[in-house]
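Below, each chain spelled out in residue letters.
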Amino acid sequence: MRFEIMRLDDVDGTAVDSTVVDAASVTRIVQQAAAIGQRLYIRPAEAAAS
């Protein structure tokens, strides 16, 4: 499964950037963000159309 992770602005909470990663990468990214106090929004990535 793939997830879209958006980094959020500290002031107003708007998405600053976004990346799509596999499930194995989510934990590492969340731990890195927590270590520096960064806010994230994580949601399942949309499936590619076939």
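Scroll up to find the structure.
Source: prediction; values computed, not measured.

Rules behind the numbers
Residues numbered from 1 in each chain as written. Predicted model: local features only at pLDDT ≥ 70, side-chain atom pairs only at ≥ 80, totals over all residues. Heavy atoms only, no water. Helix = DSSP H or I, 4+ residues; strand = E, 2+ residues; numbered from the N terminus. Buried < 20%, exposed > 50% of the residue type's maximum accessible area, 1.4 Å probe, protein only. Contact = heavy atoms within 4.5 Å. Areas by Shrake-Rupley, 256 points an atom, 1.4 Å probe, with all protein chains shown as cover. Salt bridge = Lys/Arg side-chain N within 4 Å of Asp/Glu carboxyl O. Arc of directions from axis to C-beta.

*Asks:* Help me understand the overall build of the protein, please; the structure alone is not making it clear to me.
*Replies:* The secondary structure content of the protein amounts to one helix and three strands. Starting at the N terminus and walking to the C terminus, you meet the elements of the protein as β-β-α-β. Expressed along its principal axes, the backbone C-alpha trace of the protein runs to roughly 40 × 20 × 10 Å. The buried share of the protein, reckoned over its 50 residues, is 18%. A separation threshold of at least 6 residues defines the contact pool for the protein, and within that pool the share at least 24 residues apart is 45%. Summing over all exposed atoms, the protein offers an accessible surface of approximately 3800 Å²; the carbon and sulfur share of this is 52%.

*Asks:* Looking at this structure, I do not really get the environment of R7. What am I missing?
*Replies:* Residue placement: R7 occurs in strand 1 (residues 2–8). Taking the C-alpha atoms as reference, R7 lies 18 Å from A24; in sequence the two are 17 residues apart. Not counting the four nearest positions on each side in its chain, R7 is found in contact with T14, A15, V16, D17, I29, Q38, R39 and L40.

*Asks:* Honestly, the pattern of salt bridges in this entry has me stumped. Any pointers?
*Replies:* When the charged atoms of two side chains with opposite charge come close together, those side chains can pair. On inspection of all chains with the given rule, the structure shows two salt bridges. For R43, the salt bridge is made with E4, and the minimal N-O distance between the two is 2.8 Å. Here R43, found in strand 3 (residues 39–44), pairs with E4, found in strand 1; they are 39 residues apart in sequence, far enough to count as distant. The exposure class assigned to R43 is partly exposed, which follows from its relative accessible area of 35%.

*Asks:* Honestly, helix 1 (residues 23–36) in this entry has me stumped. Any pointers?
*Replies:* One full turn of an α-helix is made of 3.6 residues, so residues set three or four places apart face in the same direction. Looking only at helix 1, the buried set comprises S25, V26, I29 and A33. What you see down the axis of helix 1 is that its buried residues fit within an arc of 110 degrees, all on one side. Those residues of helix 1 that are exposed and aimed more than 90 degrees away from the buried face are A24, Q31, A34 and A35. Of the surrounding secondary structure, the elements contacted by the buried residues of helix 1 are strand 1, strand 2 (15–22) and strand 3. Just downstream of helix 1 lies G37, where phi reads positive at about 75 degrees.

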